Amino acid sequence: MPDPTPTARPWHALTLAQLDFWEEFRFHPDRPLSTVAHCTVIEGDLDETALIAALRQLAQEAEVLALRFRDGPEGPRQQIDPARIPVLRYHDLRYESDAESEPEATARKMMERDIAALIDLRQEPLAALWLLRVGDRRWLWYLRGHHIGLDGY
């Protein structure tokens, strides 16, 4: 069986579209210019256990969420790194919110902070995967990535 460690996996050149995002990152490492996130509202009767299992499966199967990048003499390269597979973070905010914020407002603030955070393409995972419960029958599914993987790949 082949070794699944990142060093055993091949490194590949970036696509032309990815090179644009790489250059943007190199010229503006202090700005989160190409972070992209989606929030899907799920409302109604729901099998929460099944949804959590499906989101975990999505993280395992969507290799683009586990990209690693490096720069070297041959130029920027990428590989799929199983250590970068996003771990589903579950937050039940129905009881965690403070008196000044409703659960959904707390969730939106969490997402805004995450989107605004700097991502070093050479060091940090590109993706985040959250399920935020904000009501008895309401959840927010949050997926954050970077254009270098989601559009450039």
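Residues numbered from 1 in each chain as written. Predicted model: local features only at pLDDT ≥ 70, side-chain atom pairs only at ≥ 80, totals over all residues. Heavy atoms only, no water.

(A) Local environment of the sheet that holds strand β4 (residues 77-80). Read across the open sheet, the three strands follow the order β1-β4-β3; overall the sheet is antiparallel. Looking at the sheet topology across the chains shown, the edges are occupied by β1 (12-13) and β3 (67-70). (Pairing = 2+ DSSP bridges. Helix = DSSP H or I, 4+ residues; strand = E, 2+ residues; numbered from the N terminus.)

(B) Molecular detail of helix α2 (residues 48-61). In this model, α2 (14 residues) spans 20 Å end to end at C-alpha, consistent with the 20 Å of a helix rising 1.5 Å per residue. If you check which residues of α2 are buried, you get Glu48, Leu51, Ile52, Leu55 and Ala59. The arc enclosing the buried residues of α2, seen along the axis, measures out at 100 degrees, which places them on a common side. Residues of α2 that are exposed and point more than 90 degrees away from the buried face comprise Thr49, Gln60 and Glu61. Check the buried side of α2 and you find it contacts β2 (35-43), β5 (88-92), β6 (128-135) and β7 (138-146). Backbone nitrogen of Thr49 and a side-chain oxygen of the N-cap are separated by 3.3 Å at the start of α2; the cap is Asp47. (Expected span 1.5 Å × (residues − 1). Buried < 20%, exposed > 50% of the residue type's maximum accessible area, 1.4 Å probe, protein only. Arc of directions from axis to C-beta. Contact = heavy atoms within 4.5 Å. Polar contact = N/O pair within 3.5 Å; in protein donor to acceptor, adjacent residues only side chain to side chain.)

(C) Just the pairing of β3, in detail. Side chains Leu67 and Phe69 project from β3 onto a buried face, and the interleaved Arg68 and Arg70 project onto a face without burial. As defined by bridge partners, β3 adjoins β4 across four bridges and the pair is classed as antiparallel. The residue of β4 that forms the bridge with Arg68 is Gln79. The hairpin formed by β3 and β4 contains six residues between the paired strands, and Gly75 there has a positive phi angle of roughly 100 degrees.

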